[in-house]
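Topology and contacts: notes
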Amino acid sequence: LSSRASTILSALRIPAGGDVPGVYDGQWGGTGEPLVSLCPSTGETLARVTTATPQEVQTALEKSRQAYVSFRTMPAPRRGEIIRQIREALSTKIDALGALVSLEMGKIKTEGLGEVQEIVDICDYAVGLSRMMNGSVISSERPGHSILEVPNPLGVVAVLSAFNFPVAVYGWNLALSMAAGNATVWKPSPSTPLCAIAVTRIVAEVLEKNGINGAVAGLICGGKDVGEGIVKSPDVDMVSFTGSEAVGKIVGKAVQDRFGKSLLELGGNNAAIVMPDAPMHIALPSILFSAVGTAGQRCTTTRRLYLHRSIAPSFIERLQRAYETVKIGDPLVAGTLLGPLHTQTAVQNYQAAISAVRSAGGEILAGGTLHTPASAELQNGNYVLPTIAVPASSDPKQDIWSKETFAPVLNVAVFDELEEAIAMNNAVPQGLSSSLWTRDVRNVGKWIGPAGSDTGIVNVNAGTSGAEIGAAFGGNKSTGWGRESGGDAWKQYVRWSACTINFTDEAPLAQGVSFDL
Ligand code: NAD
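Given the structure is predicted, the values throughout are model-derived calculations rather than measurements.

A word on the overall build of the protein chain
On a plain count of helices and strands, the protein chain comes out with 15 helices and 24 strands. Computed over C-alpha atoms, the radius of gyration of the protein chain comes to 25 Å, within 12% of the 24 Å expected from 2.2 N^0.38 for 517 residues, which places it in the range of a compact globule. Principal-axis analysis of the C-alpha atoms gives the protein chain an extent of 85 × 60 × 35 Å. In the protein chain, which comprises 517 residues, the share counted as buried stands at 56%. Surface summary for the protein chain: the accessible area is close to 20900 Å², and the carbon and sulfur share equals 55%.

See the structure below:
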């Protein structure tokens, strides 16, 4: 193994190239078929991780339920204190974890650090939340009665996560779920198990030090079969799933089939619209970052760019020049802006998207091919050039426009009226993020109002990617309607009880009904 990989792994006590247990339910284990963690920037094997057998999945879920039964009675502010300690433990490891995210997922180091900072931030948020998960008191129609809406812990929350945010998505769920008094069990992406193990170890140490059952924050590594086992289990009260629309559809239906609760955060196909009066000096770098950041592998990546006809030629020219300056290479080296794609399959999807544009008569204005880095160490990495494409047709119903290609491919089209651009923005199945670039307040009114963008995140003069934790994060339509992180998202992690209490000796019946006995 390369020395840089060995250094990063050993800082988190992961045996470089060795075998690591991938199941934690209070104790570490797992005897299932091992997963191989590959480094996307060099192709080297980082470690092998044991998975859970079907029986071990069952046992881990039963232990989660037992852990929930004791954890739910701990007062919420006391749970907040545990989250505060987790926050402290994570914050001492930001650099090591950020480097691991970069090594195993492939995003550049600053994005890796930013992602770990998010789990720290959401812990801060959840500490406060632990004192503010308030119910309500409602006026009753009946004299001497009160109605309370009470948030109680929900049970076991399973978090099934995607490869592209191997730490933050779990953090968003864990912090809220734990504040709410649940046991949480994590099934990470099979290609980023080491990030999951490193985070779980840090959390587990805090729980164990406080005498809390470690299965309050369990981990079950594995692939599709393990995911299916968790989704179908009646021991799991809510499945919080982050991933593709295709798998989300299967998961959503399977959870619905047993009347479980689900929270779905699925694919995005996000558009930026540039009006003639846009502040170009901020539009250009923001759109570049949103299209190219994380090598186009953010759910909020800008994939569609709609330019007003009057500014399209000059904007494209400037964007082409900006694309040429993007430094591609080792994500762990300072100054790199574009790391590798996560897998070989992603490279194939990138190539397929580009040939689809070409074969339909479209044009490639930048990129469009694989990239071979100069360094010998990086020869087996999954590097591609960031790409600007102009498909022959701008019909949003065509696959090129309506499907998410998880790679740095930006499709461009021209429009004449804002209404036309909004219609194109809204015409795709997905509804995650969108941004409008303008200084005209009348455009802003249209964009954020009833006839405006139908996505869950609707920005003005800010890129489609890079959401903050304070607001609820999520998308509409085939993105799954889920909301995570801030806002009212916590309300999904509890079960609500509407409690009518009669403080009198009378029994007035509803609707004035009288049973004279
Ligand atoms: P994926 O759908 O391939 O995998 C997601 C998870 O589902 C993994 O843990 C996987 O092992 C598991 N899984 C696979 N088949 C399963 C099954 N039949 N039952 C249960 N679990 C199963 O997604 P990915 O390639 O890891 O991630 C990329 C996708 O995630 C993109 O579409 C991206 O837009 C989306 N994403 C969305 C958000 C959001 O907040 N909306 C955030 C990050 C990523």
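Observations regarding the site of the ligand
Among the 27 residues in the neighbourhood of the ligand, the closest are listed as Ser161, Lys187, Ser244, Leu266 and Glu404. Residue Phe163 places a main-chain N or O atom 3.1 Å away from an oxygen atom belonging to the ligand. Glu265 is positioned with one of its side-chain polar atoms (N or O) 3.4 Å from an oxygen atom of the ligand. Coverage of the ligand by the protein chains reaches 90% of its 860 Å² of free accessible surface. Within the residue set of the shell around the ligand, elements represented by two or more residues are α8 (224-232), β11 (238-242) and α9 (245-257). Examining the composition of the shell around the ligand, we find that three residues originate from one element, α8, more than from any other. Partitioned by chemical class, the residues of the shell around the ligand number 13 nonpolar, nine polar and five charged.

A look at the packing of helix α4 (residues 94-105) against helix α7 (residues 193-209)
Contact pair α4 / α7: the axes reach a minimum separation of 9 Å and the direction vectors enclose 160°. Relative to α7, the element α4 is oriented roughly antiparallel. Handedness of the crossing formed by α4 with α7: left-handed. Contacts between α4 and α7 pair Leu97, Leu100, Val101 and Glu104 from the former with Pro193, Leu194, Cys195, Ala198, Val199 and Ile202 from the latter. Its residues placed into classes, the contact of α4 with α7 shows nine nonpolar, no polar and one charged.

Some thoughts on the nonpolar core
Residues Ile14, Leu100, Met178, Leu194 and Ile220 are the most contacted members of the largest nonpolar core, which totals 105 residues. With 11 residues, α7 is the largest single contributor of residues to this core. Not counting chain neighbours up to four residues away, the residues in contact with Ile220 comprise Gly22, Ala52, Val57, Ala60, Leu61, Val185, Trp186, Lys187, Pro188, Val226 and Ile230. Val326, Val347, Ile388 and Val409 belong to the second largest nonpolar core, which has 55 residues in total.

Details of α7
Relative to the 24 Å expected for 17 residues at 1.5 Å per residue, α7 spans 24 Å between its end C-alpha atoms, a close match to the ideal helical length. Burial within α7 is extensive, with 14 of its 17 residues counted as buried. Looking one or two places after α7, you find Gly211, whose phi comes out positive at around 70°.

Observations regarding the pairing of strand β6 (residues 136-139)
Side-chain positions along a regular strand alternate between the two faces of the sheet. Two elements, β6 and strand β7 (residues 145-153), share four bridges in a ladder whose sense is antiparallel. Bridging from a neighbouring strand, Ile138 pairs with Ile147 of β7.

Comments concerning the side chain of Asn476
Within the secondary structure, Asn476 is located in strand β22 (residues 476-477). Given the relative accessible area of 10%, Asn476 is considered buried. There is a polar contact of 3.0 Å between the side chain of Asn476 and the backbone oxygen of Asp454. There is a polar contact of 2.7 Å between the side chain of Asn476 and the side chain of Arg483.

Here we look at the sheet that holds strand β17 (residues 409-415)
In space, the seven strands of this open sheet follow the order β15-β16-β17-β14-β13-β19-β20, with mixed pairing throughout. Sheet topology places β15 (363-366) and β20 (457-460) at the edges, where each strand pairs with a single neighbour. Strand after strand, the sheet turns through a mean of 25° between neighbouring axes, direction not considered. The sheet strands contacting helix α11 (residues 312-324) are β13 (270-274), β14 (302-308), β15, β16 (387-390) and β17, and the helix crosses β14 at an angle near 145°. In the packing of helix α14 (residues 418-426) onto the sheet, contacts are made with β13, β14, β17 and β19 (433-437), and the angle to β17 comes to roughly 145°.

Digging into the packing of aromatic side chains
With the rule as written, the count across this model stands at six aromatic pairs. Relative to Trp496, the ring of Trp490 has its centre 5.9 Å away and its plane inclined at 50°; by these criteria the two rings are tilted. For Trp490, a relative accessible area of 6% puts it in the buried group.

Structural notes on the sheet that holds strand β1 (residues 19-20)
Read across the sheet, three strands follow the order β1-β5-β4 without closing on themselves; strand pairing throughout is mixed. Each edge of the open sheet carries a strand with a single partner, namely β1 and β4 (32-38). The sheet contact formed by β4 and strand β5 (residues 45-51) spans five bridges and is antiparallel. Bridging across to β5, Leu38 finds its partner in Thr45.

Brief notes about the pattern of salt bridges
Under the counting rule described, the total for this entry stands at 20 salt bridges. Linking Arg13 and Glu205 is a salt bridge whose minimum nitrogen-to-oxygen distance equals 3.0 Å. Taken as a pair, Arg13 in the loop between α1 (3-11) and β1 and Glu205 in helix α7 lie far apart in primary sequence, 192 residues in all. Among the residues examined, Arg13 registers a relative accessible area of 55% and is labelled exposed. A salt bridge links Glu317 to Arg321; the nearest nitrogen and oxygen atoms lie 3.4 Å apart. With Glu317 and Arg321 both in helix α11 and four residues apart, the pair spans about one turn of that helix. Each of Arg65, Asp235 and Asp237 takes part in one network of salt bridges that share partners.

Description of the pairing of β13
The element β13 is largely enclosed, with a buried count of five among its five residues. Side chains of β13 alternate between two faces, with Asn270, Ala272 and Val274 and Ala271 and Ile273 buried alike. Pairing of β13 with β14 involves five bridges; the strand directions are parallel. Its bridge partner lying in β14, Val274 is registered against Leu307. With four bridges connecting them, β13 and β19 associate as parallel partners. What sits directly across from Ala272, in β19, is Ser435.

Rules of the game
- Along each chain, the written sequence defines residue order, and numbers are assigned to residues from 1.
- In keeping with the model being predicted, local features are shown solely for residues with a pLDDT of at least 70 and side-chain atom pairs are shown and tallied solely at 80 or more, while totals for entire chains, interfaces and linings include all residues.
- Excluded from the side-chain calculation are hydrogens and water; included are all heavy atoms of the structure.
- Runs of E in the DSSP output that reach at least two residues are strands. Runs of H or I that reach at least four are helices, and both are numbered from the N terminus.
- Each radius of gyration reported is based on C-alpha atoms, and the globular scaling rule is 2.2 Å times the count of residues to the power 0.38.
- Only protein chains enter the accessibility calculation, which uses a 1.4 Å probe. A residue is then buried if its area is under 20% of the maximum for its type, exposed if over 50%, and partly exposed in between.
- Reported accessibility uses the Shrake-Rupley method at a 1.4 Å probe radius. Residues are deemed covered only where the shown protein chains occlude them.
- Throughout, near means a residue has at least one heavy atom within 4 Å of the molecule or strand.
- Under the rule applied, a polar contact is a pair of N or O atoms within 3.5 Å (in protein, one hydrogen donor and one hydrogen acceptor; residues adjacent in sequence only if both atoms are side-chain atoms).
- Under this grouping Gly is polar, as are all residues other than the nonpolar Ala, Val, Leu, Ile, Met, Phe, Trp, Tyr, Cys and Pro and the charged Asp, Glu, Lys and Arg.
- Axis lines are fitted through C-alpha atoms, for helices just across the contact stretch, and the angle between N-to-C directions can take any value from 0 to 180 degrees.
- Any angle that falls under 35 degrees is termed roughly parallel, while one over 145 is termed roughly antiparallel, one within 65 to 115 roughly perpendicular, and all others oblique.
- Crossings are classed by handedness, with left-handed meaning an anticlockwise turn of the near helix from the far one by less than a right angle and right-handed meaning a clockwise turn.
- The contact rule is simple, with two residues in contact once any of their heavy atoms fall within 4.5 Å.
- Take the buried Ala, Val, Leu, Ile, Met, Phe, Trp, Tyr and Cys residues and link them wherever side-chain atoms come within 4.5 Å; each set so joined is a nonpolar core.
- Multiplying one less than the number of residues by 1.5 Å gives the expected span of a helix.
- Criterion used throughout: strands pair if DSSP finds at least two bridges between them.
- Planes of paired rings set the category: under 30 degrees apart is stacked, over 60 is edge-to-face and the rest tilted, where pairs are Phe, Tyr or Trp rings (Trp by its six-membered ring) whose centres lie within 6.5 Å.
- Salt bridges are identified by distance alone: a Lys or Arg side-chain nitrogen within 4 Å of an Asp or Glu carboxyl oxygen.

These values are about where atoms sit, not about what they do.
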